[in-house]
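# Analysis of the macromolecular model
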Amino acid sequence: LLRLAYLLYDASDEAVHSTLSDLKFSGADARFVRVLLTLRGERLENTPLFAREMIALYGDYALPALSLRAYKGEDTSALALTVQQQLDRGVCVKVADLAVNGADLAAIGIPKGREMGNVLNALLAKVMKDPDLNTKDALLDLAKQMYKEH
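Now for a quick tour of the structure. Keep in mind the model is a prediction, meaning the values are calculated, not measured.

### So, the packing of aromatic side chains
Overall, the coordinates contain three aromatic pairs when judged by the stated rule. Taken together, the ring pairs in this structure connect Tyr-6, Tyr-9 and Tyr-71 into an aromatic cluster.

### Remarks on the pattern of salt bridges
Summed over all chains, the structure comprises seven salt bridges. Its salt-bridge partner being Arg-89, residue Asp-132 comes within 3.5 Å of it at the nearest N-O pair. In this pair, Asp-132 is assigned in the loop between helix H8 (114-129) and helix H9 (136-149) and Arg-89 in helix H6 (residues 77-89), connecting sequence segments 43 residues apart. By relative accessible area, which is 61% here, Asp-132 ends up exposed.

### A short note on unusual backbone geometry
The phi angle at Lys-24 is positive, at roughly 60°, despite the residue not being glycine. Relative to the assigned elements, Lys-24 resides in the loop between helix H2 (13-22) and helix H3 (27-38).

### Points about the environment of Val-100
When you line up the elements, Val-100 lands in the loop between H6 and helix H7 (102-107). Classification of Val-100 by relative accessible area gives buried; the value is 2%. In this structure the C-alpha to C-alpha distance between Val-100 and Pro-111, which are eleven residues apart in sequence, comes to 15 Å. Apart from the residues lying within four places of it in its own chain, the contact partners of Val-100 are Leu-105, Leu-120, Leu-123, Lys-136, Leu-139 and Leu-140.

### Comments concerning H8
Owing to its 3.6 residues per turn, the α-helix brings residues three or four apart onto one side. Between its first and last C-alpha, H8 extends 23 Å over 16 residues, near the 22 Å set by a 1.5 Å rise per residue. Turning to H8, its buried residues are Met-116, Val-119, Leu-120, Leu-123, Leu-124, Val-127 and Met-128. Packing partners of the buried residues in H8 comprise helix H4 (48-58), H7 and H9.

### Description of the side chain of Thr-82
Inspection of the secondary structure puts Thr-82 in helix H6. Beyond its immediate stretch of four places on either side in the chain, Thr-82 contacts Asn-46, Thr-47, Pro-48 and Ala-51.

### Let's talk about the environment of Lys-129
Among the secondary structure elements, Lys-129 is positioned in helix H8. In this structure, Lys-129 is in contact with Leu-49 and Arg-52, ignoring residues within four places of it in sequence.

Calculation criteria
- Residues numbered from 1 in each chain as written.
- Predicted model: local features only at pLDDT ≥ 70, side-chain atom pairs only at ≥ 80, totals over all residues.
- Heavy atoms only, no water.
- Phe/Tyr/Trp six-rings, centres within 6.5 Å; stacked < 30°, edge-to-face > 60°.
- Salt bridge = Lys/Arg side-chain N within 4 Å of Asp/Glu carboxyl O.
- Helix = DSSP H or I, 4+ residues; strand = E, 2+ residues; numbered from the N terminus.
- Buried < 20%, exposed > 50% of the residue type's maximum accessible area, 1.4 Å probe, protein only.
- Contact = heavy atoms within 4.5 Å.
- Expected span 1.5 Å × (residues − 1).

Written out as structure tokens, the structure reads:
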């Protein structure tokens, strides 16, 4: 799929959609190629937060996605190093990576459902900005504060 993204790098979004459809790629594969290609117009920032956001969006393909930009002659080596450092740290980039889960939040009185989902997503946003917050005690304290504010 990465090779296909290289081939389609300079194509318009319409041409990409048409090509993927004509070649009978599965919906999941076609979506993934389109996601990889979203990086072609994005402003790259060599920051740990941007690296974590890339990992959240591209998963195991964060570094290969950067290679698309390098393919066009852009120096992405510093950002690639930052992404690799974040990967090596095992950063939290999805709700399942949080040090707390729904059972933990239910135990402190947060009802299951939309409210709990909102709290978990808010906790993830905070941990994305500051990975050191991803401890059970810190997240439970934050969750209590968030729930009281709503």
